[in-house]
Amino acid sequence: MAKVLDVVTGQVTPYLDVVKDKINSLCAGLEPWQVVVYTCGGTLVFVTVKNILFNEEQTLKNRTKSSFFRYLKMIPIVKRKIAEEKNKMLSDMEASFHKSVDGYQKALPATGLKMEEVEKQLLLYKNLASPKNLSKNISSDSYCQTDLKSVPTYGLFAWSNPLHPDVFPDVRKMEAEVVRMCCTMFNGDEQTCGTMTSGGTESILLACLTYRNIARDNGVNFPEMIVPVTVHASFDKAASYFRMKITHIPLDKVTGKVDIKAMRRAINKNTCMLVGSAPGFPHGIIDDIEEIAALGKKYNIPVHVDSCLGGFLVPFMEKAGYPIPTVDFRLPGVTSISADTHKYGFAPKGSSVILYRNPDFRQKQFFVQPEWPGGIYATSTTGGSRAGAIIAACWATMMHIGLDGYVESTRKIIKTARYIAKGLREIEGMVVYGEPLMSVVGMGSDRFNIFRLADILTSRGYNLNALQYPDSLHLCCTLVHTKEGVADKFLSDVRNSVEEILQDPQDHAIGGMGAIYGMAQSIPDKKMVGELAGCYLEAMYSTNKE
């Protein structure tokens, strides 16, 4: 071995001497500080170029643009101007949150309040939510119309914790039953399984984590999910949290469904999951789950159906007289489904389910640390301790409403949503996107800026969801909208507002969410948009009212 090394060294040394002489000649006449500066500068340029060219998380175009704006924002005058705008926006948002609040409790009371006083204070806080915020005009924020106040569900289980099933067998049993009832709803067999979660975002995060873990076990270092461009933003959050690549597939321009051919072309050796929405949040369109499931089956790729929004409508549509394409476990390629019990399941906020085709998938979302000095730590979901009372309230809601109740609520909601969609199409200048089969109706205009309509409707007490790409609005119908006269009143207000706009369809000053979305779309650096949105989140926690 020593002789071999001597031979190799003898052959390489002349070349090393040439390189050394070349470097010395380049540095001739330079002072030591110049050598250091040029070396550091060259290294910085090299690393920057390397990061731009060889980064799996973004396209080359996005990496180049991101790097450009990152260095641009380092310029002192630009940095100062951005800080001024952010501080102004933060101040404005804090003021908007503070306007209906007299003051804040910033420290514990010296002496604890009696329960009568606590209840009095709670009523004052409750009244901060003005009646109009919970009126018939709101979209998608208030689903529950079930009165369970007479059942002391929460109080009975307020201190229970499913982290300790041996101590709290009651909530363990209720959680297992909620999951099993949901598996049955989605036509699962005895192998289907799942867990409850704190909401749709956690359900989606856990599905993505599961498939990332499976991919890594199979040797994929940077797993990739392939999703419709309209898929819920929680998938982007999962990609950020779990270091996954997310590829957004465009829609069919006519149907508004994900382009299956484009999804097929995007599949590669790193693909760990395919996703379809049933329905999608923006426009209420159901992706072609049958075709996506067939792709998954063909290429042996897990398929997740995001039914967080419509999860407690989908299983009852056919029984309610409104059949839809199959989107559940009857499709062999579907391996998981997320559904929110706290939306059309009418359970209190803070509950959802993630369902899997079999326990082998669910096992991959579990976390176990067997070597912790505190004992073996094992959790089925993101949280450790969880609120058993939320599980109990969800169970009580589902048991109270029952199959007949959900079928009837589905019938009312779908009938109303389709009535509204038909009415909107009859209004000059209005466009309804695709064929919404469920509760969400996405609307836009080919004649005027749709955010002008949003401004007028907001002034009349409505609160619709603003969307972008394209600029649009949507109404998410709930039981509130099924009450007599509500749908007709909405259509009448839209019709009158549009007639007013069409008298002068050119753009005018637009306020509210329209102004925010307009500004966001005009800023080429989307990280800056994210920073400005962060001001909104910061303002939520402000207690410094002047």
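See the structure above.
Residues numbered from 1 in each chain as written. Predicted model: local features only at pLDDT ≥ 70, side-chain atom pairs only at ≥ 80, totals over all residues. Heavy atoms only, no water.

K.L.:
Talk me through the sheet that holds strand E13 (residues 472-476); I want residue IDs and the actual numbers.
P.N.:
Reading across the sheet, the 4 strands line up as E10-E11-E13-E12 and stay open at both edges, with antiparallel pairing between neighbours. Since the sheet does not close on itself, it has two edges, and those belong to strand E10 (430-432) and strand E12 (465-467), each with one partner. Mean inter-strand twist for the sheet, computed between neighbouring axes without regard to direction, equals 30 degrees. Strand direction decides the pairing type here: E12 and E13, joined by 3 bridges, are antiparallel. Looking at the pairing, Asn 465 lines up with His 474 of E13. (Pairing = 2+ DSSP bridges. Helix = DSSP H or I, 4+ residues; strand = E, 2+ residues; numbered from the N terminus. Axes fitted to C-alpha atoms, helices over the stretch in contact; angles between N-to-C directions.)

K.L.:
An account of the nonpolar core is requested, with residue identities and associated values reported.
P.N.:
Counting residues in hydrophobic clusters, the biggest one holds 91 residues, and the most contacted among them are Leu 274, Leu 424, Met 430, Leu 453, Leu 473, Phe 490 and Val 494. No other element matches the 14 residues that helix H13 (residues 388-425) contributes to this core. When near neighbours in sequence (up to four residues on either side) are disregarded, Leu 424 contacts Met 430, Val 432, Val 441, Met 443, Phe 490, Leu 491 and Val 494. Of all hydrophobic cores here, the second largest spans 26 residues; its members include Leu 205, Met 244, Ile 246 and Phe 361. (Core = buried A, V, L, I, M, F, W, Y, C linked by side-chain atoms within 4.5 Å. Buried < 20%, exposed > 50% of the residue type's maximum accessible area, 1.4 Å probe, protein only. Contact = heavy atoms within 4.5 Å.)

K.L.:
Summarise a nonpolar patch on the surface; cite the residues concerned and give the values.
P.N.:
On the surface, Trp 33, Val 37 and Tyr 38 cluster together to form a nonpolar patch covering roughly 360 Å² of accessible area. Residue placement: Tyr 38 occurs in helix H2 (residues 32-53). When its relative accessible area of 52% is taken as the criterion, Tyr 38 is described as exposed. (Patch = residues over 30% accessible without salt bridge, like charges linked within 9 Å, V, L, I, M, F, W, Y side chains within 5 Å. Areas by Shrake-Rupley, 256 points an atom, 1.4 Å probe, with all protein chains shown as cover. Salt bridge = Lys/Arg side-chain N within 4 Å of Asp/Glu carboxyl O.)

K.L.:
How would you sum up the sheet that holds strand E7 (residues 352-356)? Please name residues and give values.
P.N.:
One open sheet holds the 7 strands; their spatial order is E1-E7-E6-E5-E4-E2-E3, and the pairing between them is mixed. Two strands close off the open sheet at either side, each with one partner strand: strand E1 (193-197) and strand E3 (245-249). Each neighbouring strand pair of the sheet contributes to a mean axis angle of 20 degrees, computed without reference to strand direction. Of the strand pairs in this sheet, strand E2 (residues 224-228) and strand E4 (residues 271-277) are connected by 3 bridges, and their pairing is parallel. The partner of Met 225 across the bridge, within E4, is Met 273. Taken strand by strand, helix H9 (residues 234-242) contacts E2, E3, E4 and strand E5 (303-307), and its axis lies near 155 degrees from that of E3. Against the sheet, helix H11 (residues 289-299) touches E4, E5 and strand E6 (334-339), its axis set at about 170 degrees to E4.

K.L.:
Can you tell me about the environment of Gly 310, naming the residues and giving the values?
P.N.:
Along the chain, the position of Gly 310 falls in the loop between E5 and E6. What makes Gly 310 buried here is its relative accessible area of 1%. Residues Gly 310 and Pro 279, 31 residues apart in the sequence, show an inter-C-alpha distance of 6.2 Å.

K.L.:
Hey, could you go over empty space enclosed by the protein for me, with residue numbers and the actual values?
P.N.:
Overall, the coordinates contain 2 cavities of 30 Å³ or more when judged by the stated rule. By volume, the largest cavity is sized at about 70 Å³. Lining the largest cavity are Thr 230, Gly 256, Ser 277, Gly 280, Pro 282, His 283, Gly 284, Ile 285 and Asp 287. Among the residues making up the lining of the largest cavity, the classes are represented as 2 nonpolar, 6 polar and 1 charged. (1 Å grid on protein atoms, 1.4 Å probe; cavity = no way out; pocket = protein on both sides within 12 Å on 5 of 7 lines; lining within 4 Å. Points joined across faces, edges and corners; volume = space filled by probe spheres on them. Nonpolar A, V, L, I, M, F, W, Y, C, P; charged D, E, K, R; others polar.)

K.L.:
Tell me about a positive patch on the surface, and please be specific about residues and values.
P.N.:
Taken together, Lys 261, Arg 264, Arg 265 and Lys 298 make up a surface patch of like positive charges. Per-element accounting of the positive patch gives the leading share, 3 residues, to helix H10 (residues 260-266). Within the element layout of this structure, Arg 265 appears in helix H10. (Lys, Arg positive; Asp, Glu negative; His and termini not counted. Charge placed at Lys NZ, Arg CZ, Asp CG, Glu CD.)

K.L.:
For helix H8 (residues 200-217), give the residues involved together with the corresponding values.
P.N.:
Think of an α-helix as turning once every 3.6 residues; residues three or four places apart then point the same way. Its 18 residues place the ends of H8 26 Å apart at the C-alpha level, agreeing with the 26 Å of an ideal helix rising 1.5 Å per residue. Burial within H8 is extensive, with 14 of its 18 residues counted as buried. (Expected span 1.5 Å × (residues − 1).)

K.L.:
Which residues make up the packing of H13 against helix H15 (residues 486-502), and what are the values?
P.N.:
Close contact between H13 and H15 brings their axes to 10 Å; oriented N to C, the two are set at 20 degrees. In terms of their interaxial angle, H13 and H15 are classed as roughly parallel. Crossing hand, H13 versus H15: right-handed. Contact with H13, carried on its side by Thr 416, Tyr 419, Ile 420, Gly 423 and Leu 424, involves Ala 487, Asp 488, Phe 490, Leu 491 and Val 494 of H15 and no other residues of that element. Considered class by class, the residues forming the contact of H13 with H15 number 7 nonpolar, 2 polar and 1 charged. (Parallel < 35°, antiparallel > 145°, perpendicular 65-115°, else oblique. Left-handed = near helix turned anticlockwise from the far one by under 90°.)

K.L.:
Please set out the pattern of salt bridges residue by residue, giving values where relevant.
P.N.:
If you walk through the whole model with that rule in mind, you get 11 salt bridges. With its nearest N and O atoms 2.5 Å apart, the salt bridge here joins Glu 177 to Lys 173. Note that Glu 177 and Lys 173 are positioned in helix H7 (residues 169-185) at a spacing of 4 residues, about one turn of the helix. When its relative accessible area of 45% is taken as the criterion, Lys 173 is described as partly exposed. Where Glu 408 meets Arg 411, a salt bridge forms, and the shortest distance between an N and an O atom there is 2.6 Å. With Glu 408 and Arg 411 both in helix H13, this residue pair falls 3 residues apart, about one helical turn. Under the relative-accessibility criterion, Arg 411 is labelled partly exposed at 30%.

K.L.:
Before we move on, could you go through H7 and cite the residues and values that matter?
P.N.:
In this model, H7 (17 residues) spans 24 Å end to end at C-alpha, consistent with the 24 Å of a helix rising 1.5 Å per residue. Here H7 has its buried residues at Val 171, Met 174, Glu 175, Val 178, Val 179, Cys 182, Cys 183 and Met 185. Looking at the buried side of H7, the elements it contacts are E1, E7 and H13. A positive phi of about 60 degrees marks Asn 187, the residue just after H7.

K.L.:
Tell me about the packing of H8 against H9, residues and numbers included.
P.N.:
Packed helices, taken two at a time, are described by their axes: the angle between them and the distance between them. Between H8 and H9, the least distance of the axes is 9 Å, while the angle of their chain directions is 45 degrees. It follows that H8 is oblique to H9 by the angle criterion. For the pair H8 and H9, the crossing hand works out as right-handed. Where H8 abuts H9, its residues Thr 201, Ile 204, Leu 205, Cys 208, Leu 209, Arg 212 and Arg 216 lie against Ser 234, Phe 235, Lys 237, Ala 238, Tyr 241 and Phe 242.

K.L.:
Report on unusual backbone geometry, specifying residues and quantitative values.
P.N.:
The amide bond that connects Ala 278 to the next residue, Pro 279, takes the cis arrangement and shows omega of -5 degrees. Note that Pro 279 resides in the loop between E4 and H11. Each neighbour pair has its own omega, and for Tyr 469 with Pro 470 the value is 5 degrees, a cis peptide bond. The phi angle at Asn 300 is positive, at roughly 55 degrees, despite the residue not being glycine. The residue Asn 300 is located in the loop between H11 and E5 in this model. Look at Phe 346: it is not a glycine, yet its phi comes out positive at around 65 degrees. By the element assignment, Phe 346 lies in the loop between E6 and E7.

None of this, on its own, says anything about what the molecule does.
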